[in-house]
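Spelled out from the first residue to the last, the chains are:
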Amino acid sequence: METNNLNPDKWVDLYADYLFNYAVTRVSDAEIAKDLVQDTFIAGLKSAKKFKGDAAERTWLIAILKRKVIDHYRKINSKKGKAEVRMSYSSQTDAEGDWIEERIADPNSNFENDTLENEELGLAIQNCISKLPKKQAQVFTMKTIEGMETEDICNTLGINASNLWVMIHRARTGLMNCLNQNWF
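Residues numbered from 1 in each chain as written. Predicted model: local features only at pLDDT ≥ 70, side-chain atom pairs only at ≥ 80, totals over all residues. Heavy atoms only, no water.

**Remarks on the side chain of T40**
Assignment of secondary structure puts T40 in helix α2 (residues 30–46). According to the relative accessible area criterion, T40 is buried, its value standing at 0%. Beyond its immediate stretch of four places on either side in the chain, T40 contacts L61, I64, L65 and K68. (Helix = DSSP H or I, 4+ residues; strand = E, 2+ residues; numbered from the N terminus. Buried < 20%, exposed > 50% of the residue type's maximum accessible area, 1.4 Å probe, protein only. Contact = heavy atoms within 4.5 Å.)

Structural data, given as structure tokens:
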């Protein structure tokens, strides 16, 4: 069997276009695809000593790029909850874009001035959660109040991450509407 050797000096000329086309079809963004190809070349240089020569140079670089694409999507999904959806739930304040959870009374906080108002808000939120469809209420409570990880919730309830985030969004929207009617 023929052993293949690495020639990093020619990677850009020989493989950049192929790797870019491969990446852009998977991430649908030219800038991200360029970054992934660059990351692939850097990772290839760093792990060149581990190259056994069993595969062709391009095949080896594609294998690295595949892992980079997977890492890209993992990174996006891990940030999904933070960037998901912002809501406006009070037209009388400048609180546009605040999460409902940021307005929930925190029993451990020293910054809350009006305990009675916070208790009332907490009761209003619990009342609104009880009006949500059962599964939405369950997912919202597990993720937001109990602080469970997305993967654990998905495994427990037998749902996928996309479905979980749709339910979270719908629960937040329902809570916003309920709180606007019953609290604010």
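**Some words on the packing of helix α1 (residues 11–27) against α2**
Viewed as axis vectors pointing N to C, α1 and α2 meet at an angle of 130 degrees, and their least axial separation amounts to 8 Å. With respect to each other, α1 and α2 are oriented oblique. Remark: the crossing between α1 and α2 carries right-handed chirality. Of the residues in α2, those touching α1 at W11, V12, A16, L19, F20, A23, V24 and V27 are A30, I32, A33, K34, L36, V37, F41, G44 and L45. When its residues are assigned to classes, the contact of α1 with α2 shows 15 nonpolar, one polar and one charged. (Axes fitted to C-alpha atoms, helices over the stretch in contact; angles between N-to-C directions. Parallel < 35°, antiparallel > 145°, perpendicular 65-115°, else oblique. Left-handed = near helix turned anticlockwise from the far one by under 90°. Nonpolar A, V, L, I, M, F, W, Y, C, P; charged D, E, K, R; others polar.)

**A short note on the side chain of E57**
Examined against the element boundaries, E57 turns out to sit in helix α3 (residues 57–78). Buried within the structure, E57 lacks any salt-bridge partner; K10 is the closest side chain of opposite charge, at an N-O distance of 8.9 Å. A polar contact of 2.4 Å, which involves the side chain of E57, links it to the backbone nitrogen of N7. If near-sequence neighbours (up to four positions away) are discounted, E57 is found in contact with N5, L6, N7, P8, W11 and Y15. (Lys, Arg positive; Asp, Glu negative; His and termini not counted. Salt bridge = Lys/Arg side-chain N within 4 Å of Asp/Glu carboxyl O. Polar contact = N/O pair within 3.5 Å; in protein donor to acceptor, adjacent residues only side chain to side chain.)

**Remarks on the nonpolar core**
Within soluble globular proteins, side chains that are nonpolar generally end up buried alongside one another. With 19 residues, the main nonpolar core has W11, L19, F41, W60, L61 and L65 as its most contacted residues. Sorting the residues of this core by element identifies α1, α2 and α3 as the ones contributing at least two each. Considering each element in turn, this core owes the most residues, seven residues, to α1. With sequence-adjacent residues up to four places away left out, F41 is seen in contact with W11, V12, A16, L19 and L61. C128, I129, L132 and F140 belong to the second largest nonpolar core, which has twelve residues in total. (Core = buried A, V, L, I, M, F, W, Y, C linked by side-chain atoms within 4.5 Å.)

**Let's talk about helix α6 (residues 134–145)**
Spanning twelve residues, α6 covers 15 Å between terminal C-alpha atoms, matching the ideal 16 Å at 1.5 Å per step. Here α6 has its buried residues at Q136, A137, V139, F140 and M142. With its phi angle positive at about 70 degrees, G147 sits one or two positions after the end of α6. (Expected span 1.5 Å × (residues − 1).)

**A few points about the environment of G174**
Among the secondary structure elements, G174 is positioned in helix α8 (residues 161–182). Measuring from C-alpha to C-alpha, the distance between G174 and P133 comes to 9.5 Å, with 41 residues separating the pair along the chain.

**A closer look at the confidence of the model for the protein chain**
Here the protein chain averages 79 in pLDDT, and 75% of its residues register 70 or above. Mean pLDDT values over the elements of the protein chain span from 48, in helix α4 (residues 80–83), up to 94, in α2. Considering only residues more than four positions removed or in separate chains, one finds that residues 93–114, a stretch of pLDDT under 50, has 34 contacts. (pLDDT = per-residue confidence, 0-100.)

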